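Given next are the chains, with one letter for each unit.
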Amino acid sequence: MVYPFKKIEEKWQKYWWEHKVFSAKPESSQKKYYVLEMFPYPSGKIHMGHVRNYTIGDAYSRYKWMQGFNVLHPMGFDAFGQPAENAAIKNKIKPDIWTDKCIEWMKTELEKMGFSYDWEREISTCESNYYKWNQWIFLKMFEAGLAYKKEAQVNWCPACETTLANEEVVDGECWRCYTQVEQKDLEQWFLKITAYKERLLEDLTQLKDWPERVIAMQSNWIGKSEGVEIYFRLKDRDKIIPVFTTRVDTIFGATYIVLAPEYPLVREIVQGKPQEKEVLKFMHKVAKESKTIRSSQDVKKEGVFTGCYCINPVNNETIPIWIADYVLMEYGTGAIMAVPTHDQRDFLFAKEHKLPMRIVIQPSAVSYQLSAESMTEAYEGDGTQVNSAQFDGLPNQEAKIRIAEWMEKVGIGKIQTHWRLRDWLISRQRYWGTPIPIIYCQKCGTIPVPYEDLPVELPKDAPFTGKGGSPLSKVSEFVNVPCPECKSLSRRETDTMATFFDSSWYFLRFCSPQFAKEPFDRQETKYWMPVDQYVGGIEHAILHLLYSRFFTKFFKDLGMLDFNEPFQKLLTQGMVLKDGEVMSKSRGNIVDPDSTIKKYGADTLRLYILFAAPPEVEMEWSERGIEGAFRFLNRVWRLVEDSIENEKERKLSEQEKRIKTTMEKDESTRNKIKRKIHLSIKEVTDDIESFKFNTAIASLMELVNELYRVKDTAIWLDEYEEGTKVLIVLLSPFAPHVCEEMWQRWGNKESIIHSKWPKYEERFLQEELITMVIQVNGKLRSKVQVPADITEDKLKEYVLADEKLKPWIKNQPIKNFIIVPKKLINIVV
């Protein structure tokens, strides 16, 4: 018998919607719990990655509902972005129309999964009632000096005449037309996230329930480094090249320095040199390369000699100046000292270009001495200083301190703290994003749009060709506006904001999505925030999570929030694979959730996706696995149906009456069922709390097996009925539709979400023990306590390990092992 999943799922999705079962309202008397999954970009169809992410959050949300929490579990759409603009160009359709259709399709598919969202709180970031508050936040940051404009490099496609995001640069080419991408300097808007660097780093210690991997990634991205800025003086010129290093203990081994090709001094120092043409050619070449590729460890590093030299200040040695692609202006000072013997990247570069090498640290724990000529890789460990003048013989960690102090004392360097974090570039020369609320007046300068004039709305008639920069710049009615101060004709900013801006505070808007006075209602936000459990992909470990933390701290500084961190707990789920690879259209290994739901039902898909692997790791899609989940739900359905049928009034046969009477007197069976129920409650509860959904479901499978095992003789027992009801409740976060149906068929009027999550009792967890007498050749020699359901083989093993029996058995062969069940054992030797 196959349970009618299609009919059941449609019935309960309609019920949840009509009865607003998951509607969340602040209740001061009730403890809140805010569960949130990272909201999706509306691509039109959900994929298995979405299914996994949202099923994890939904199962946990339902569990919290049943624990008695007032749960907020909202959903919305991160709706701005380049894909919609590209679709508009390709399909000759407006981005808003395309996006609205995609949201409609996606929402329908999410509803089919039975997710417990409060759809009354739905937000879409492309709606003006949302992005108005993006602009409000920008103006607040502008007033605080955190939003500013400066020249910066961007990826530029000369054929399309537009900027490209890093993700749109594929092997150095434009993804759309395959033209070689260039680096171009443009005036861009930035947010001064660096003003919060200390707090962003220090407050990571508050995030006790975040994955260590994410904490480490954020810490490395912020990148606080203690070191020394060393002053290398140009030979024959009165100019200094500052170089920051954390390895000042290796300074005596620096045999050349390397500048980023973009370093401001490069053009000046090579002018008139024989190498000038080659250097400029190399700079032009590197300008077309992605910075991601340039900094990759797997790509061969290239560089050229500038023909110039500088002086190493610690030994007055003249060393050459190179430029290389692996040095970026964004990191440090844009210049590095190269110590080939003690840095692997420098070692490979020096070998490639036959540059000199000098050892300045010898390892202490080995008998041999390093030789620059015979080295096959850099030595980056600790040791003793050599070739380091007055610091020879010192342990290198001590030398770091002594050298730094000496350099600062003699004025050739300065002890400093450097940060890897850079200010956040938010400008996009795009249409489908939040317009930046700034006006440029020739008389008054850069003027913010007045708050009362927000939102600055996107014009509906912008042309889409994919060429010529921002479509907004071509809409004269949008661009040409009066200055808010002097009323003279001025020009509106045509850049839009990066979509990460939208997602950096959306979790706050969910608390009061209709609030019209500020981005969020402070009282409602005080009740709901911070988010108790956040679920999303590891790919957002740095940017989105870091920006959200930055925005939260900014709001706190405005007096709008009273907490430091937006997300209490974080779970980053693994990807869904098929045939060992990430699902993608190009690989042809996509499994469509919709077709799976049609074949097996949403509950089966939910159950399988949670059972297949722990949430944090990758999971491999398996047709056998999904079929197994479907069979399990059918087993549960039959078990419960039989139990309900037994509960109905019917005439028992004389044999059935005898069995019922016998079983009611059988304390052992009753206790065994009771123990299994409470053990299952404990295991499932503990596992859900720690997001071990796969082992929670495994425990439920064991409970089902036990109920089937005793079904024929124990189905009349109250404990058996209790077991089936507890099973339904424990299973409901994973497979809510079928559990709602079974719950109702038991005669319950309210949704199962309003039932109480069961609690286990310790007294029922104890194993039933019996005392068995042990005889050797008929004489009492010992007594042991063993589990009542122990097998004969285990019992023999247990008894023979009893130390009290060894003097009586010694090494004699055992002739017989006589067992009187639950009473005694006689060992015949």
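In this text the structure is predicted, and so the values were computed from the model without any measurement.

Definitions and limits used
Residues numbered from 1 in each chain as written. Predicted model: local features only at pLDDT ≥ 70, side-chain atom pairs only at ≥ 80, totals over all residues. Heavy atoms only, no water. Helix = DSSP H or I, 4+ residues; strand = E, 2+ residues; numbered from the N terminus. Buried < 20%, exposed > 50% of the residue type's maximum accessible area, 1.4 Å probe, protein only. Contact = heavy atoms within 4.5 Å. Areas by Shrake-Rupley, 256 points an atom, 1.4 Å probe, with all protein chains shown as cover. Lys, Arg positive; Asp, Glu negative; His and termini not counted. Charge placed at Lys NZ, Arg CZ, Asp CG, Glu CD. Phe/Tyr/Trp six-rings, centres within 6.5 Å; stacked < 30°, edge-to-face > 60°. Lys NZ or Arg CZ within 6 Å of the ring centre and 35° of its normal. Pairing = 2+ DSSP bridges. Axes fitted to C-alpha atoms, helices over the stretch in contact; angles between N-to-C directions. Expected span 1.5 Å × (residues − 1). Arc of directions from axis to C-beta. Salt bridge = Lys/Arg side-chain N within 4 Å of Asp/Glu carboxyl O. Bend = angle between axes of the 7 residues up to and from the residue. Parallel < 35°, antiparallel > 145°, perpendicular 65-115°, else oblique. Left-handed = near helix turned anticlockwise from the far one by under 90°. Nonpolar A, V, L, I, M, F, W, Y, C, P; charged D, E, K, R; others polar. Core = buried A, V, L, I, M, F, W, Y, C linked by side-chain atoms within 4.5 Å. Disulfide = S-S within 2.5 Å.

Asks: Quick one: what's the story with the overall build of the chain, residue by residue and with numbers?
Replies: Along its length, the chain carries 27 helices and 32 strands. Each of the three principal axes of the chain carries a C-alpha extent, and together these read 110 × 80 × 50 Å. Every one of the 829 residues in the chain was classed for burial, and the buried ones make up 53%. In the chain, of all internal contacts separated by at least 6 residues, the share reaching a separation of at least 24 is 72%. Taken as a whole, the chain presents about 38,400 Å² of accessible surface, with 50% of it coming from carbon and sulfur. A distance of 2 Å separates the average location of the 116 positive side-chain charges in the chain from that of its 120 negative side-chain charges.

Asks: Which residues make up the packing of aromatic side chains, and what values do they have?
Replies: Tallied over the entire structure, the rule returns 52 aromatic pairs. Judged by centre distance (6.1 Å) and plane angle (65°), the rings of Y3 and F5 are edge-to-face. Relative accessible area serves as the criterion here: at 12%, F5 is assigned to the buried category. Grouped by ring-pair contacts, the aromatic residues Y196, W424, F500, F501, F520, Y547, F550, F551, F554 and F555 constitute a single cluster. The ring of F190 has K150 sitting right over it, with the charged end atom 4.9 Å from the ring centre.

Asks: I'd like a description of the sheet that holds strand β30 (residues 779-787), backed by residues and values.
Replies: Read from one edge of the open sheet, four strands run β30-β29-β32-β31, paired in mixed fashion. The sheet is open, and its two edges are formed by β30 and β31 (816-820), each paired on a single side. Between one strand axis and the next, the sheet turns through 20° on average, direction left out of account. Looking at chain direction, strand β29 (residues 769-776) and β30 are connected through eight bridges and run antiparallel. Counterpart to V773 in the pairing with β30 is K783.

Asks: I'd love a proper account of helix α4 (residues 95-112), names of residues and values included.
Replies: For α4, with 18 residues, the first-to-last C-alpha span of 26 Å sits near the 26 Å given by 1.5 Å per residue. P95, T99, C102, I103, M106, K107, E109 and L110 are the residues of α4 that are buried. The arc that holds the buried residues of α4, viewed along the axis, is 160°, so those residues lie on one side. Where α4 is buried, its residues meet α2 (48-66), α3 (82-91) and α18 (593-600). G114 sits one or two residues past α4 and shows a positive phi near 75°.

Asks: Residue-level account of the pattern of salt bridges, with values.
Replies: A complete count under the given rule lists 39 salt bridges for this structure. Across the pair K460 and D96 runs a salt bridge, and its minimum N-O distance is 3.7 Å. Note that K460 is positioned in the loop between β20 (445-448) and α13 (476-479) and D96 in helix α4, a separation of 364 residues in sequence. On the basis of relative accessibility, which here comes to 58%, the residue K460 falls in the exposed class. Among the ionic pairs, K674 bridges to E722, the shortest N-O distance being 2.8 Å. On the criterion of sequence distance, the pair formed by K674 in helix α22 (residues 667-689) and E722 in helix α24 (residues 718-731) is long-range, its members being 48 residues apart. Residue class for K674 comes out buried when judged on its relative accessible area of 18%. For E722, a relative accessible area of 25% puts it in the partly exposed group. The network of salt bridges with shared partners includes K11, E641, E741 and R745.

Asks: Outline the pairing of strand β10 (residues 256-259), supporting the account with residue identities and numerical values.
Replies: Alternating positions in β10 separate into two faces, Y256 and V258 on one and I257 and L259 on the other, with burial throughout. One ladder, built from four bridges, connects β10 with strand β13 (residues 335-338); its direction is antiparallel. Residue pairing across strands places I257 opposite M337, the latter belonging to β13. Relative to strand β12 (residues 317-324), β10 runs parallel, the two sharing three bridges. Within β12, the position partnered with V258 by the bridge is W322.

Asks: Please provide a residue-by-residue account of the sheet that holds strand β28 (residues 619-620), values included.
Replies: Pairing within the open sheet is mixed, and its three strands lie in the order β27-β26-β28. The open sheet terminates on both sides in strands that have one partner only, identified here as β27 (581-582) and β28. In terms of strand pairing, strand β26 (residues 576-578) meets β27 through two bridges, oriented antiparallel. The partner of K578 across the bridge, within β27, is E581.

Asks: An account of helix α23 (residues 693-714) is requested, with residue identities and associated values reported.
Replies: Because an α-helix completes one turn every 3.6 residues, residues spaced three or four positions apart along the sequence face the same direction. Its 22 residues give α23 an end-to-end C-alpha distance of 29 Å, which sits within 8% of 32 Å, the value for a rise of 1.5 Å per residue. Of all bends in α23, the biggest is about 30°, found at Y708.

Asks: Residues and numbers for the packing of α18 against helix α19 (residues 602-611), please.
Replies: Packing of α18 against α19 leaves a shortest axis separation of 7 Å and a crossing angle of 115°. Classified by the interaxial angle, the pair formed by α18 and α19 is roughly perpendicular. Every residue of α19 that contacts α18 at P593, T596, I597 and Y600 is listed here: A602, T604 and L605.

Asks: Tell me about the packing of α22 against α23, and name the residues and values.
Replies: When two helices pack together, their arrangement is given by the angle between the helix axes and by the axis-to-axis distance. Packing of α22 against α23 brings their axes to within 8 Å, and their N-to-C directions diverge by 165°. What the angle tells us is that α22 and α23 run roughly antiparallel. α23 is crossed by α22, and the crossing has left-handed handedness. For the pair α22 and α23, the contacting residues are T669, K672, I673, K676, S680, E683, V684, D687 and I688 in the first and F693, T695, A696, S699, L700, E702, L703, E706, R709, V710 and A714 in the second. Within the contact of α22 with α23, the residues separate by chemical class into nine nonpolar, four polar and seven charged.

Asks: Can you break down the environment of K351 residue by residue, with the values?
Replies: Within the secondary structure layout, K351 lies in helix α11 (residues 344-353). Classification of K351 by relative accessible area gives partly exposed; the value is 41%. In this structure, the C-alpha to C-alpha distance between K351 and T376, residues 25 residues apart in sequence, is 9.7 Å. In this structure K351 touches M357 and M375, once residues within four positions along its chain are discounted.

Asks: I'd like a description of the nonpolar core, backed by residues and values.
Replies: Y34, F138, Y506, F551, W621, L731 and F734 are the most contacted members of the largest nonpolar core, which totals 171 residues. By residue number, the principal contributor to this core is helix α20 (residues 623-647), which donates ten residues. In this view, Y34 contacts L72, P74, F507, F510, C511, W528, M529, P530, V531, D532 and Q533; residues no more than four positions away in its chain are not counted. Counting residues in hydrophobic clusters, the runner-up holds 40 residues, among them L265, V279, M337 and L394.

Asks: So what's going on with the environment of E645? Which residues, and what values?
Replies: Considering the arrangement of structural elements, one finds E645 in helix α20. Taking C-alpha positions, E645 is 35 Å from A613, a pair spaced 32 residues apart along the chain.

Asks: Could you give an account of the state of the cysteines, naming the residues involved and the relevant values?
Replies: Under the counting rule described, the total for this entry stands at zero disulfides. Of the cysteine sulfurs around C310, a residue in no disulfide, the closest is that of C308, at 9.7 Å. A relative accessible area of 0% places C310 in the buried class. The cysteine C483 is free of any disulfide, with C441 supplying the nearest cysteine sulfur at 3.8 Å.

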